[in-house]
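# Topology and contacts: notes
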Amino acid sequence: MEMLIKVLHNYYYMAAILLFVIGMHTMLTHSNLIKKVIAMNIMDTSVFLLFVAVGYTYGGQAPIVQQGKEVIYINPLPSSLMLTGIVVAISITAYALSLIVKIYRYYGTVDYDEICLIRSQE
Amino acid sequence: MGLAQHFPALIIAILLGIAFLSPILYRWARKTSAPALITALSLSLVMGIVLLIQVHQGGTFYYHMGGWPPPFGVEFKVDFLRVYMLLVVLAVSLWIMVYALKDLEHELKTEMLGWYYSLYALLVGSMAGIALTNDLFNLFVLMEICAISACAIISIKEDRACLEASFKYLILSAMGTGCFLLGVAMLYMVTGQFNYDLVNEALPAAVEQYPNNMFAASSLFIVAFGTKAALFPLHVWLPDAHASAPSPSSAMLSGVVIKIYAFALFIMFYQLFPRPLLDSIPLNEIVLWLSTAGIMFGSIFAMVQVDLKKMLAYSSIGQIGYVFLGIGLDDTIALTGGFYHLLVHALMKSMLFMVAGVIIYSTGIRQIKQLAGVGQVLPLTMIAFTVGAASMIGIPGTGGLISKWYLALGALEVGRPFFVVIILASSLLNAVYYMPIIVNAFMHQETFEHEAKPVPRQMLVTLVIGVLAVIFFGVAPGLTLTLLENAIALFF
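Residues numbered from 1 in each chain as written. Chains lettered and ligands numbered in written order. Predicted model: local features only at pLDDT ≥ 70, side-chain atom pairs only at ≥ 80, totals over all residues.

## Some remarks on the overall build of chain A
- A tally of regular secondary structure across chain A gives five helices and zero strands.
- For chain A, the α and β elements follow one another from N to C terminus as α-α-α-α-α.
- Computed over the C-alpha atoms, the radius of gyration of chain A is 21 Å, more than 25% above the 14 Å expected from 2.2 N^0.38 for a compact globule of 122 residues.
- For chain A, the C-alpha atoms occupy an extent of roughly 75 × 40 × 10 Å along the three principal directions.
- Relative to its 122 residues, chain A shows a buried fraction of 25%.
- Sequence separation of 24 or more characterises 51% of the internal contacts of chain A that already satisfy a separation of 6 or more. (Helix = DSSP H or I, 4+ residues; strand = E, 2+ residues; numbered from the N terminus. Rg over C-alpha atoms; globule rule 2.2 N^0.38 Å. Buried ≥ 20, exposed ≤ 12 C-beta atoms within 10 Å, placed from the backbone. Contact = placed C-beta atoms within 7 Å.)

Laid out in structure tokens, this is it:
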């Protein structure tokens, strides 16, 4: 019971890990290349969620100093770092999609199994 | 000190700067773009040597990016091992680039060359950063730069095999960095720091409260760096990627890129995780058995290949296993051997890929079977191949022997003679697949029936430099070994 309450209290961590596993599983098992790229994004986003959740405090405010007020601030560091992470994820996605375009031109399909089939017939 | 104290940042700044300039120079002043890249690489190599002298005189020092001290800013650490790694990366990549200038002209479309220089400088710059950085998030960003540029120097050739191989590489390395970032998140949750030293200080207290976080982080790190460095069960992307890439890219990827991740894993284990915690989890044991499997299976897969470059790629899986074997054995002597092998393998595997490149350039042959008698038309090239292969096998007088010797001594020191047997058996397996090529190339009676173009002198000179380097590190290993012993002593 105590364990269950712990889990419920930290549901956002659970969500992040669940998304991570979904992303990783799809990325490694699906044969459609576009789906692989989407899954890669889900995986990256889950880590961003985890990071941002780590930095959040209940009832916290954006970390802008206001004169004469004592307020709780959220930790800005993970959020700002995740901006960099998002940029990196976007560039990888863009590169992967451009590769898929080229692969489609050569093979006429975006399905990995079909590509393997075409290659084995050569 | 003056300017010299900014060298850690300047090395990376120069390389990233030239990455930005290369396409522009290639577009508007085509003649200057290649010399500019070579100058930038040589300049950063000189700076690396200055850093080595500084460390030798003044000991380990830190560089704070932008003057911000650790909890706020990114920190670079300069110690013996990092400088050693930096010098290996810079020297080998300069050497490969000199070769690549000629080889690329026939492997790539002319208008792509400027972009290739750009990607190459990005790759080298990010690896220099990985060698020096002391910050987890900075490491993540550099790893992503390294991953994208490493994939891009494969796919720039734009034939079907390259595109498919680089897509596979990209997906698996994205999985690797995803795992790494999740591991970093696990550590950040409990320590609130990104700096290696600060995480190291905060971990013992944090682990008492949250023991599972470090288990998760360490296993995620093994998967992350294992995927990127082609540790055995995670190696599936390597053969296609390294075999189909243009030869200079293969030399770079097999020679240097996979090594830098093995080094990063070492830093994670020995600098990030506190020693007592590391001893409480059998991390080294996991790496040890995976590397052993890699050493054996890499060699066995290499034996059945018909394509020369694919054989060399599978051989890389076996050879990177030696570096991980050093980490797995967890012993100063074995680690010295492992890191010495890192240097020697960077030299010999790059040289072997260059030889394959020269053979493809001159005759267009990729199949091992057709190589019979190639020694008659390309004698110097095949002598370079022989020296490289001898070093792979570990014949006295070549660098390969020294590293295997030290690894075996280390295995005996920790009382595990089984791994000496593994090292011997794998040397034997290496001989099984390298020897027939050499014998066939030189002893074949009939004349070589394929046409052979003359090879540019620049390419042959780089091969000769490689031969001399491999023999030098086999005959006079003293200085490097002393450096490595000092470097590794700092981690124990």
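## Concerning the overall build of chain B
- Within chain B one finds 20 helices and two strands.
- In summary, chain B has a C-alpha radius of gyration of 22 Å against a globular reference of 23 Å for 492 residues, a match within 12%.
- With the C-alpha coordinates of chain B rotated into their principal frame, the extents come out at 75 × 60 × 45 Å.
- Burial analysis of chain B (492 residues in total) assigns 61% to the buried set.
- Taking the contacts inside chain B whose residues are at least 6 apart along the sequence as the reference set, 80% of them involve residues at least 24 apart.

## Some points on the environment of A:Ile34
All names here are of chain A.
- Of note, Ile34 is situated in helix H3 (residues 33–55).
- Each C-alpha atom of the pair Ile34 and Met14 lies 26 Å from the other, and the pair is 20 residues apart in sequence.
- In this structure, Ile34 is in contact with Ile100 and Val110, ignoring residues within four places of it in sequence.

## With respect to the packing of helix H3 (residues 80–107) of chain B against helix H10 (residues 247–272) of chain B
Residues and elements named next belong to chain B.
- Contact geometry of H3 with H10 gives a least axis separation of 8 Å together with a crossing angle of 160 degrees. In terms of orientation, H3 lies roughly antiparallel with respect to H10. Crossing of H3 over H10 shows left-handed handedness. Residues Met85, Val89, Val92, Ser93, Ile96, Tyr99, Ala100, Asp103, Leu104 and Glu107 of H3 pack against Ser247, Pro248, Ala251, Met252, Gly255, Val256, Ile260 and Phe263 of H10. (Axes fitted to C-alpha atoms, helices over the stretch in contact; angles between N-to-C directions. Parallel < 35°, antiparallel > 145°, perpendicular 65-115°, else oblique. Left-handed = near helix turned anticlockwise from the far one by under 90°.)

## Considerations on the interface of chain B and chain A
- If you look at the interface, chain B gives 21 residues, while chain A gives 25 residues.
- Ranked by residues supplied to the side of chain B that touches chain A, first place goes to helix H6 (residues 160–191) of chain B with 15 residues.
- Grouping the constituent residues of the side of chain B that touches chain A by class yields 14 nonpolar, three polar and four charged. (Nonpolar A, V, L, I, M, F, W, Y, C, P; charged D, E, K, R; others polar.)

## Topic: helix H2 (residues 11–29) of chain A
- In a regular helix each residue adds 1.5 Å, so 19 residues correspond to 27 Å; H2(A) covers 27 Å between its end C-alpha atoms and thus fits that length.
- Against the buried residues of H2(A) lie H3 of chain A together with H6 of chain B. (Expected span 1.5 Å × (residues − 1).)

## Thoughts on helix H16 (residues 379–393) of chain B
- With 15 residues, H16(B) extends 21 Å from end C-alpha to end C-alpha; this agrees with the ideal 21 Å at 1.5 Å per step.
- Count one or two residues on from H16(B) and you reach B:Gly394, which has phi positive near 95 degrees.

## Focus: the pairing of strand E2 (residues 75–78) of chain B
Residues and elements named next belong to chain B.
- The side-chain alternation of E2 yields two buried faces, one formed by Glu75 and Lys77 and the other by Phe76 and Val78.
- Bridging between strand E1 (residues 61–64) and E2 involves four bridges; their strand directions are antiparallel. Counterpart to Phe61 in the pairing with E2 is Val78. (Pairing = 2+ DSSP bridges.)

## Description of the domain arrangement of chain B
All names here are of chain B.
- Domains assigned within chain B are domain 1 (1–274) and domain 2 (282–492).
- Centre-to-centre, using C-alpha coordinates, domain 1 lies 23 Å away from domain 2.
- Taken residue by residue, the interface counts 41 residues in domain 1 and 45 residues in domain 2.
- Elements with a minimum of two residues in the side of domain 1 that touches domain 2: H3, helix H8 (211–229), helix H9 (238–244) and H10.
- Among the elements that take part in the side of domain 1 that touches domain 2, H10 stands out by supplying 15 residues, more than any other.
- Of the residues in the side of domain 1 that touches domain 2, the class split is 28 nonpolar, nine polar and four charged. (Domains from an automatic or database assignment.)

## Looking at the packing of helix H2 (residues 30–58) of chain B against helix H4 (residues 113–132) of chain B
Residues and elements named next belong to chain B.
- At a minimum axis distance of 10 Å, the contact between H2 and H4 shows a crossing angle of 10 degrees. As summarised for this structure, H2 and H4 are arranged roughly parallel, according to the angle between their axes. Counting all contacts with H2, which are made through Ser33, Ala34, Leu37, Ala40, Leu41 and Ser44, the residues of H4 involved are Gly114, Tyr117, Ala121, Val124 and Ala128.
- Residues that form the contact of H2 with H4 fall into these classes: eight nonpolar, three polar and no charged.

## A look at the confidence of the model for chain B
- Here chain B averages 88 in pLDDT, and 99% of its residues register 70 or above.
- Among the prediction metrics, the complex's ipTM stands at 0.93, with pTM recorded as 0.92. (pLDDT = per-residue confidence, 0-100.)

## Re the nonpolar core
- Judged by nonpolar contacts, the single largest core of 226 residues is most densely connected at B:Val89, B:Met127, B:Ala128, B:Ile153, B:Ala185, B:Ala262 and B:Leu265.
- The residue makeup of this core includes at least three contributed by each of domain 1 (1–274) and domain 2 (282–492) of chain B. (Core = buried A, V, L, I, M, F, W, Y, C linked by C-beta atoms within 7 Å.)

## Observations regarding unusual backbone geometry
Residue and element names in this part refer to chain B.
- In this structure, Ala230 is a non-glycine residue whose phi angle is positive, near 60 degrees.
- Topologically, Ala230 is positioned in the loop between H8 and H9.
- Judged by local crowding, Ala230 falls into the buried class, with 30 C-beta atoms found within 10 Å.
- One non-glycine residue with positive phi stands out, namely Asp330, at about 55 degrees.
- For Asp330, the location among the structural elements is in the loop between helix H13 (308–329) and helix H14 (332–363).

## Some remarks on the environment of B:Ile438
Residues and elements named next belong to chain B.
- Here Ile438 shows up in helix H18 (residues 418–443).
- On the basis of neighbour counts, which here come to 17 C-beta atoms within 10 Å, the residue Ile438 falls in the partly exposed class.
- Sequence separation between Ile438 and Ala36 is 402 residues, and the spatial gap between their C-alpha atoms is 38 Å.
- Once residues within four sequence positions are removed from consideration, Ile438 is found in contact with Phe385, Thr386 and Ala389.

## Structural notes on the environment of A:Val54
- With respect to the helices and strands, A:Val54 occurs in helix H3.
- A sequence separation of 40 residues divides A:Val54 from A:Met14, and the C-alpha atoms of the two residues are 12 Å apart.
- Other than its neighbours up to four places away in sequence, A:Val54 contacts A:Pro78, B:Ala185, B:Tyr188 and B:Met189.

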